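Read off the chains here:
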Amino acid sequence: MIRSCAASNCSKTNNLSRCSACKVVQYCGRGHQTADRPSHRSACSKVKKAQATLEQEERLLRREAGDEIFEEDRGHFWGLLETRDYMRARYALVQALLKVNTAQAVTSALDHLLDMLQLCRGDNMGVRDVVPGLYLRLGRDQEAYDFCKWWALTGQDHDYDYGDTNLPYLDIKDADVFEEVKLFTDNYTSLSHVVAIALVKIRLMIDLQSLQQAKEEAGPHVPREILDNIRQHTVGSVIASSSKILEREDQTPHIAELRKQVTKLFNAVQGANPHFWPALLEPGENLKARPTSYGRGDESEMQLVLQYTYNAWAETPNAIGIIESLWRHYESVAM
């Protein structure tokens with residue numbers, strides 16, 4: 001994912017200007033923007049067109065239902081037929097944004113999805129399955145975990161009234177990302193969410209392994225400047241924000257526990273959809289498929305979830321390698 005000037009072989013991150021059309025791609029100067037135009041033109045045009053369509057649908061909705069619909073009917077939008085073209089247009093914009101591989105595009109897409117959930121708490125469009133992968137791409141692992149946990153708990157409560165906007169909604173914050181995974185393995189929940197939780201746990205395990213290695217190389221008494229360097233460059237946001245974890249003498253038992261949790265999640269995903277892990281290892285045409293419907297455990301479900309989450313996996317060094325090792329072990333036991 002590009003976080004710098006979008007031109008090839010340019011890594012500048014300061015004094016960047018956004019493309020005035022799509023507003024989600026940045027350049028260090030007009031020269032690089034002109035040079036990148038042939039590769040950016042198609043995606044830029046689609047984002048601009050989708051944004052114009054959304055603005056048109058919003059104007060029509062406000063004209064038909066009044067400006068107050070965005071406040072008075074917030075929370076149960078899909079229950080109003082006149083809102084559906086607007087909601088579909090907004091999701092189409094999300095899809096166009098996700099064709100642009102920049103941090104700005106992913107952030108914008110995530111912001112749209114989160115606001116769509118606030119407009120329609122019951123999530124009739126199923127956008128909640130897309131959200132965790134975007135959180136993870138942006139390094140916001142804690143928020144991804146909190147989001148999935150809310151849907152696994154309150155979201156599965158049949159007595160929860162999505163139409164009552166006075167009830168707490170997506171209100172889990174700073175949950176324990178190291179906790180047991182029974183909530184996600186023993187009860188049915190979104191396949192996309194279980195896959196995302198597996199990646200959260202794998203990232204934690206990789207980070208602790210890196211931290212353990214760095215401390216072993218530095219010796220028993222790690223200078224503060226080395227810890228600060230680890231915090232900035234070696235580990236992700238969850239561990240970087242915890243001095244208690246960073247300063248722990250031995251990470252080995254915690255790595256072992258995470259490995260057990262990852263194995264449980266691997267098995268849960270395999271049980272829920274046996275097509276997913278093989279496709280993650282060799283995605284092929286699955287990333288281009290356009291299923292119009294799906295059932296639990298079928299190939300169409302796999303294709304959708306793979307498309308929602310694949311970039312987050314691919315952007316995490318060694319994450320797919322860990323799944324490959326688990327898959328080889330699974331196959332050897334199955335034989």
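Summary of the structure given here. (Residues numbered from 1 in each chain as written. Predicted model: local features only at pLDDT ≥ 70, side-chain atom pairs only at ≥ 80, totals over all residues. Heavy atoms only, no water.)

Observations regarding the overall build of the protein
Moving on, step 1. When helices and strands are tallied, the protein shows 15 helices and two strands.
Moving on, step 2. The globule rule puts the C-alpha radius of gyration for 335 residues at 20 Å, and the 22 Å found for the protein is close to it.
Moving on, step 3. Counting across all 335 residues of the protein, residues that qualify as buried make up 47%.
Moving on, step 4. Considering only contacts within the protein whose residues lie at least 6 apart along the sequence, 64% involve residues at least 24 apart.
Moving on, step 5. Carbon and sulfur atoms provide 47% of the accessible area of the protein, an area that totals close to 17,200 Å².
Moving on, step 6. Computing the positive centroid from 39 side-chain charges and the negative centroid from 46, the protein places the two 7 Å apart. (Helix = DSSP H or I, 4+ residues; strand = E, 2+ residues; numbered from the N terminus. Rg over C-alpha atoms; globule rule 2.2 N^0.38 Å. Buried < 20%, exposed > 50% of the residue type's maximum accessible area, 1.4 Å probe, protein only. Contact = heavy atoms within 4.5 Å. Areas by Shrake-Rupley, 256 points an atom, 1.4 Å probe, with all protein chains shown as cover. Lys, Arg positive; Asp, Glu negative; His and termini not counted. Charge placed at Lys NZ, Arg CZ, Asp CG, Glu CD.)

A word on the packing of helix α1 (residues 30-65) against helix α3 (residues 84-97)
Moving on, step 1. In the contact formed by α1 and α3, the axes pass within 9 Å of each other and the chain directions differ by 165°. It follows from the interaxial angle that α1 and α3 lie roughly antiparallel. Where α1 crosses over α3, the handedness of that crossing is left-handed. On α3, the residues that touch Lys46, Val47, Ala50, Gln51, Thr53, Leu54, Glu57, Glu58 and Leu61 of α1 are Asp85, Tyr86, Ala89, Arg90, Ala92, Leu93, Ala96 and Leu97. (Axes fitted to C-alpha atoms, helices over the stretch in contact; angles between N-to-C directions. Parallel < 35°, antiparallel > 145°, perpendicular 65-115°, else oblique. Left-handed = near helix turned anticlockwise from the far one by under 90°.)

Here's the deal with the environment of Glu324
Moving on, step 1. With respect to the secondary-structure elements, Glu324 resides in helix α15 (residues 319-334).
Moving on, step 2. Once the C-alpha coordinates of Glu324 and Glu57 are considered, the two residues, 267 residues apart in sequence, prove to be 45 Å apart.

Some points on the nonpolar core
Moving on, step 1. Of all hydrophobic cores here, the largest spans 106 residues; its most connected members are Phe77, Leu113, Phe276, Trp277, Leu280 and Trp313.
Moving on, step 2. The biggest single contributor to this core is helix α8 (residues 191-218), with 14 residues.
Moving on, step 3. What Leu113 contacts, discounting residues up to four positions off in sequence, is Tyr91, Val94, Val127, Val130, Val131 and Leu134. (Core = buried A, V, L, I, M, F, W, Y, C linked by side-chain atoms within 4.5 Å.)

Note that every value here comes from positions in space, so none of it alone points to a role or purpose.
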